[in-house]
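The lines below spell out each chain.
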Amino acid sequence: MAIMRLGRVQIRVPNWEKSVFYYKNVLGLIETARDENHVYLKAWDEYDHHSVILEKADIAGLEHMAFKCEFAQDLDLYEKKLIDYGVAVKRVPKGTRIAEGEAIRFQLPTEHWVELYHEIEVVGNGMPSVNPDPWPDHLVGIAPPRLDHLLVAGEDIEAATRLFTDVFDFHMSEQLVDDKMEVKLATWLFKTNTAHDIAFVKGPNGRLHHVAFFLDEWVELRKAADIMVKNDVMIDIGPTRHGITRGTTIYFFDPSGNRNEVFAGGYITYPDFPTITWTEESIGKAIFYFERELNERFMKVNS
Ligand SMILES: [Fe+2]
């Protein structure tokens, strides 16, 4: 059984009209479906029907994250494994969401909802599978090729980290610990071969720190920053570089107050990748390598 990747995030957007415009025209995701309270979007190089669902809501934040499994029977196997681990599991019937099959749903110790699914309509990336060019025509805005990772906040990140490593066989690429090296302040976990598919940071339960989209290279971050300024997007910080993951980054906000990131580079990982540890005294370089200090907004604001 195998989780393959972070497949989707469902994001609550109270500022509905402006947020839908932003995700389609500034961030540059492609709309694939909508109903009264949701818009379904994909990044251009994703093959599945959607990776982001915007939900009309009263408050911003993350409704749930979902990981795609390789096989249909993985849902049964993970359901049993979760129940044996002491986690309650619900079934989400096929057809609950457009173009999706059944899912299982459970809550993390950090109060975030997680779903696992296998079946989703494949719509392709807009290019042929034989002799394709490197990118399709008519891309709009920043146009990241894919969803990359998310960072969520919670009180007991040790328990959430253990659940991902024990039940789902994720590995920890990096951790930030207090100066006595006793308490985890943040963890970065991977299942694919990127530096992280999900990360946890100590903070209030159930909160979203950011959802990140991949860009190929540093020069695309500079262009992304231009597009943000042209469109009056509120930038949190960047372009800059992380010590952790070594990726380059910009953090910015959607019109509803959810933080987004564009992330380029970073090393690749394998199951035998050793965990890198950063101590709190080096937190500045760990998070923002060039600035060597954190800004208050990055530490305090989440949705
Ligand atoms: Fe990130």
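For the structure itself, consult the block above.
Anyway, here's the lowdown on the structure attached to this text. These numbers come from a predicted model, not from an experiment.

## Thoughts on the overall build of the protein
Stage number 1. A count of helical and extended segments in the protein gives six helices and 17 strands.
Stage number 2. Whereas a compact globule of 303 residues would reach a radius of gyration of roughly 19 Å, the protein reaches 18 Å, a difference of no more than 12%.
Stage number 3. Over its C-alpha atoms, taken along the principal directions, the protein stretches across nearly 50 × 50 × 45 Å.
Stage number 4. Buried positions account for 54% of the 303 residues belonging to the protein.
Stage number 5. The contacts in the protein between residues at least 6 apart in sequence include a share of 67% that link residues at least 24 apart.
Stage number 6. Element-wise, carbon and sulfur atoms account for 51% of the exposed surface of the protein, whose accessible area totals about 13,600 Å².
Stage number 7. Counting 33 positive and 48 negative side-chain charges, the protein places the averaged centre of each group 2 Å from the other.

## A few points about the coordination of the iron ion
Reference values for coordination geometry: four tetrahedral donors around a metal ideally subtend 109.5 degrees, six octahedral donors ideally subtend 90 or 180 degrees.
Stage number 1. Coordination sphere of the iron ion, protein contribution only: His149 (NE2), His210 (NE2) and Glu261 (OE), at 2.0 to 2.1 Å.
Stage number 2. On the accessibility criterion, His210 (3% relative accessible area) is buried.

## Things to note about the packing of aromatic side chains
Stage number 1. Enumeration over the complete set of coordinates arrives at 14 aromatic pairs.
Stage number 2. Judged by centre distance (5.7 Å) and plane angle (65°), the rings of Phe67 and Phe164 are edge-to-face. On the criterion of sequence distance, the pair formed by Phe67 in strand β5 (residues 61-69) and Phe164 in helix α3 (residues 157-166) is long-range, its members being 97 residues apart.
Stage number 3. Residue classification places Phe67 among the buried positions, given a relative accessible area of 1%.
Stage number 4. A network of ring pairs unites the aromatic residues Phe67, Tyr78, Phe106, Phe164, Phe168, Phe170 and Phe200 as a single cluster.
Stage number 5. Arg8 extends its terminal NZ or CZ atom over the ring of Tyr117, reaching a point 4.8 Å from the ring centre.

## What about the side chain of Asn258?
Stage number 1. Structurally, Asn258 can be placed in the loop between β15 (247-253) and β16 (259-265).
Stage number 2. With relative accessibility at 0%, the residue Asn258 sits in the buried group.
Stage number 3. Reaching out from Asn258, the side chain makes a polar contact with the backbone nitrogen of Gly61 at a distance of 2.9 Å.
Stage number 4. In this structure the side chain of Asn258 is engaged in a polar contact, spanning 2.7 Å, whose partner is the side chain of Ser303.
Stage number 5. If we skip the residues at most four places from it in the chain, Asn258 touches Ile11, Arg12, Val13, Tyr23, Ala60, Gly61, Leu208, Phe252, Phe253 and Ser303.

## Things to note about the sheet that holds strand β13 (residues 207-215)
Stage number 1. Strand order in this open sheet of nine strands is β14-β15-β16-β13-β9-β12-β11-β10-β17, and the pairing throughout is mixed. Whereas interior strands pair on both sides, the edge strands pair on one side only; in this sheet they are β14 (235-241) and β17 (276-279). When the angles between neighbouring strand axes are averaged without regard to direction, this sheet yields 15°.
Stage number 2. Here strand β9 (residues 146-154) pairs with strand β12 (residues 198-202) via five bridges, running parallel. Residue pairing across strands places Val152 opposite Phe200, the latter belonging to β12.
Stage number 3. Against the sheet, helix α4 (residues 218-230) contacts β13, β14, β15 and β16, and its axis sits at roughly 10° relative to β15.

About the criteria used
- Residues numbered from 1 in each chain as written.
- Predicted model: local features only at pLDDT ≥ 70, side-chain atom pairs only at ≥ 80, totals over all residues.
- Heavy atoms only, no water.
- Helix = DSSP H or I, 4+ residues; strand = E, 2+ residues; numbered from the N terminus.
- Rg over C-alpha atoms; globule rule 2.2 N^0.38 Å.
- Buried < 20%, exposed > 50% of the residue type's maximum accessible area, 1.4 Å probe, protein only.
- Contact = heavy atoms within 4.5 Å.
- Areas by Shrake-Rupley, 256 points an atom, 1.4 Å probe, with all protein chains shown as cover.
- Lys, Arg positive; Asp, Glu negative; His and termini not counted.
- Charge placed at Lys NZ, Arg CZ, Asp CG, Glu CD.
- Donors = N, O, S within 2.8 Å, 3.2 Å for Na, K, Ca; no water.
- Phe/Tyr/Trp six-rings, centres within 6.5 Å; stacked < 30°, edge-to-face > 60°.
- Lys NZ or Arg CZ within 6 Å of the ring centre and 35° of its normal.
- Polar contact = N/O pair within 3.5 Å; in protein donor to acceptor, adjacent residues only side chain to side chain.
- Pairing = 2+ DSSP bridges.
- Axes fitted to C-alpha atoms, helices over the stretch in contact; angles between N-to-C directions.

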